[in-house]
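Fold and contact review
Each chain, letter by letter, is given below.
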Amino acid sequence: MSNRIDFKEIELSDKEWADPLLAVSDYRATEYCFTTLYIWAGMFGTRIARWKDWLLIRSDGEEGCANYIFPAGSGDVQEVLRVMEEDAASIGRKPVIWAIADARDTIEAAFPGQYRFTQIRKSFDYLYETEKMISLAGKKYQPKRNFISRFKAQNPDWTYESIRPDGDPELCRRQLEECRAMTDEWCALNGCSHNESMRMEACAVRTALRDFVPLRLRGGILRSGGRIVAYTLGERLNSDTFIVHVEKAFSDVTGAYPMINRCFLEHEAAGLRYVNREDDAGDEGLRRAKLSYHPAYMLEKYLAVRG
């Protein structure tokens, strides 16, 4: 095939060529972050390829289908979509394209009326204004401020510390090891081994901790009495958005979640317009928690099928 695409498993070294292509598109969606693709590759069977000036991303779909994320980069949209269709045909699959709202409009402009778009609510990303997440000003954030006040009152010796990949290597190593130990304890308390979704999520978290430095992530730790009670990992996603990949806290420590969220953004994301806290995967509890922070908007996502 003249337009053959050589998809491959994602490796850390791919970050060097993939990041510039992701930056060209400058999307705010979690799928356009190398770390997201890398740490979840095992769960979704994600493979990537470079074709001309595009980053192509393919993952396992439902039986008979192959999922493609609308590509990042630049070039002829009609050409690259046709090449993706040819790739799907070469493996005996029907192509399904995951597209955010901007990409949906691009597909429709390239192939008017030729694609059907289905909205996938459980995959919508929650986008918040960073400044509001830090200040928590106003009546609607009063419950969050109350939880933070309770945390401070019950943990008078609390401390926050940053985890930096470009800082003291030995300190960073110790911090990450403590976060791994906290993850193991959190999973034992929450029964990760008996829940497939939680088990896969824990695997993704451990991959992020293992490759924290080469992924160039940022981290934050919340302590009480020297013990980690919460930690979080994230990074800059695009020109104006920060993304939070991981957030863990012990549920019996009142206010630990809002406290680590606020401290982390204050120290690592100040100056960026938005923070992406990813989707809710259709979990009603998680949906309520994310909505309680009053997102600036929901980043809509669609499945696009031709025909």
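The following refers to the structure shown. Only a predicted model underlies this, so the values are computations on that prediction, with no experimental measurement involved. (Residues numbered from 1 in each chain as written. Predicted model: local features only at pLDDT ≥ 70, side-chain atom pairs only at ≥ 80, totals over all residues. Heavy atoms only, no water.)

1. Here we look at the sheet that holds strand 12 (residues 274-276)
Counted only if it meets this: When DSSP locates at least two bridges between a pair of strands, those strands are taken to pair. Every helix listed is a DSSP run of H or I at least four residues long, and every strand listed is a run of E at least two residues long, numbered separately from the N terminus. As a rule, the C-alpha atoms of each element are fitted with a line to give its axis, helices using only the stretch in contact, and angles between N-to-C directions run from 0 to 180 degrees.
Ordered by their spatial adjacency, 7 strands build an open sheet running 8-9-10-11-12-7-13, and the pairing between neighbours is mixed. Edge positions in the sheet fall to strand 8 (159-163) and strand 13 (297-299), since each of these pairs with one other strand and no more. This sheet shows a mean twist of 30 degrees between the axes of neighbouring strands, independent of strand direction.

2. What about the nonpolar core?
As a reminder of what qualifies: Here, the term nonpolar core denotes a set of buried Ala, Val, Leu, Ile, Met, Phe, Trp, Tyr and Cys residues that are joined through side-chain atoms within 4.5 Å. Relative accessibility thresholds used throughout: buried, under 20% of the residue-type maximum; exposed, over 50%; partly exposed, between the two (1.4 Å probe, protein chains only). Here a residue-residue contact requires only that any non-hydrogen atoms of the pair lie within 4.5 Å.
Of all hydrophobic cores here, the largest spans 92 residues; its most connected members are Phe-70, Leu-81 and Tyr-231. Contact partners of Phe-70, with chain neighbours within four places excluded, come to Tyr-27, Tyr-32, Val-77, Leu-81, Ile-97, Trp-98, Ala-103, Thr-106 and Ile-107.

3. So, unusual backbone geometry
Phi at Arg-216 is positive, roughly 60 degrees, even though this residue is not glycine. Residue placement: Arg-216 occurs in the loop between helix 10 (212-215) and strand 9 (218-224). Residue classification places Arg-216 among the partly exposed positions, given a relative accessible area of 44%. The phi torsion at Glu-278 lies on the positive side, around 65 degrees, for a residue other than glycine. The topology assignment puts Glu-278 in the loop between strand 12 and helix 12 (284-291).

4. Structural notes on the layout of surface pockets
Just so we agree on the cut-off: Only protein atoms enter the 1 Å grid used here, on which a cavity is any set of points holding a 1.4 Å probe that cannot leave and a pocket is any open set flanked by protein within 12 Å on both sides along at least five of seven lines; residues with an atom within 4 Å of a point are listed as lining. Grid points are joined across faces, edges and corners, and a volume is the space filled by probe spheres set on the points. Residues are grouped as follows: nonpolar covers Ala, Val, Leu, Ile, Met, Phe, Trp, Tyr, Cys and Pro; charged covers Asp, Glu, Lys and Arg; every other residue, Gly included, is treated as polar.
Volume-wise, the second largest pocket comes out at about 370 Å³. Lining of the second largest pocket is provided by 21 residues; of these, Asp-19, Glu-235, Arg-236, Leu-237 and Asn-238 occupy positions nearest its centre. Contributing elements (two or more residues each) for the lining of the second largest pocket: helix 1 (15-25), helix 2 (34-39) and strand 10 (227-236). Looking at the lining of the second largest pocket residue by residue, the class counts come to 10 nonpolar, 3 polar and 8 charged.

5. Considerations on empty space enclosed by the protein
With the rule as written, the count across this model stands at 1 cavity of 30 Å³ or more. Of the voids in this model, the largest cavity is the one considered here, and its volume is about 40 Å³. What lines the largest cavity is Glu-31, Tyr-32, Ile-69, Trp-98, Ala-99, Ile-100 and Lys-301. Tallying contributions element by element places strand 5 (residues 94-100) first for the lining of the largest cavity, with 3 residues. In the lining of the largest cavity, the residues fall into 5 nonpolar, no polar and 2 charged.

6. Some words on the pattern of salt bridges
Rule in force here: Here, a salt bridge means any side-chain nitrogen of Lys or Arg that lies within 4 Å of a carboxyl oxygen of Asp or Glu.
All told, the structure shown has 29 salt bridges when counted by the stated rule. Arg-58 is the partner of Asp-87 in a salt bridge, and the nearest nitrogen-oxygen pair spans 2.8 Å. Residue Asp-87 is located in helix 4 (residues 77-90), and its partner Arg-58 is located in strand 3 (residues 54-60); the two are separated by 29 residues in the primary sequence. Put simply, Glu-170 and Arg-174 hold a salt bridge, and the shortest N to O gap is 3.8 Å.

7. Focus on the packing of helix 7 (residues 142-154) against helix 11 (residues 256-268)
The condition that has to hold: If an angle is under 35 degrees, it is roughly parallel; if it is over 145, roughly antiparallel; if it lies from 65 to 115, roughly perpendicular; otherwise it is oblique.
For the pair helix 7 and helix 11, interaxial distance at closest approach is 8 Å and the crossing angle is 100 degrees. In terms of orientation, helix 7 lies roughly perpendicular with respect to helix 11. Across from Lys-144, Phe-147, Ile-148, Phe-151 and Lys-152 in helix 7, the residues of helix 11 making contact are Ala-256, Pro-258, Met-259 and Arg-262. Across the contact of helix 7 with helix 11, the residue classes tally to 6 nonpolar, no polar and 3 charged.

8. Considering the sheet that holds strand 6 (residues 115-119)
Sheet strands associate in pairs through backbone hydrogen bonding, adopting either a parallel or an antiparallel arrangement. Ordered in space as 1-2-3-4-5-14-6, the 7 strands form an open sheet in which the pairing is mixed. Of all the strands in the sheet, the pair left with one neighbour each is strand 1 (8-9) and strand 6. As judged from the 5 bridges shared by strand 6 and strand 14 (residues 301-306), these two strands associate in the antiparallel manner. The residue of strand 14 that forms the bridge with Arg-116 is Val-305. Along the sheet, helix 1 contacts strand 2 (47-51), strand 3 and strand 4 (65-73); its crossing angle with strand 4, the most-contacted strand, is approximately 75 degrees. Sheet strands touched by helix 4: strand 2, strand 3, strand 4, strand 5, strand 6 and strand 14. Its angle to strand 4, the strand with the most contacts, is close to 155 degrees.

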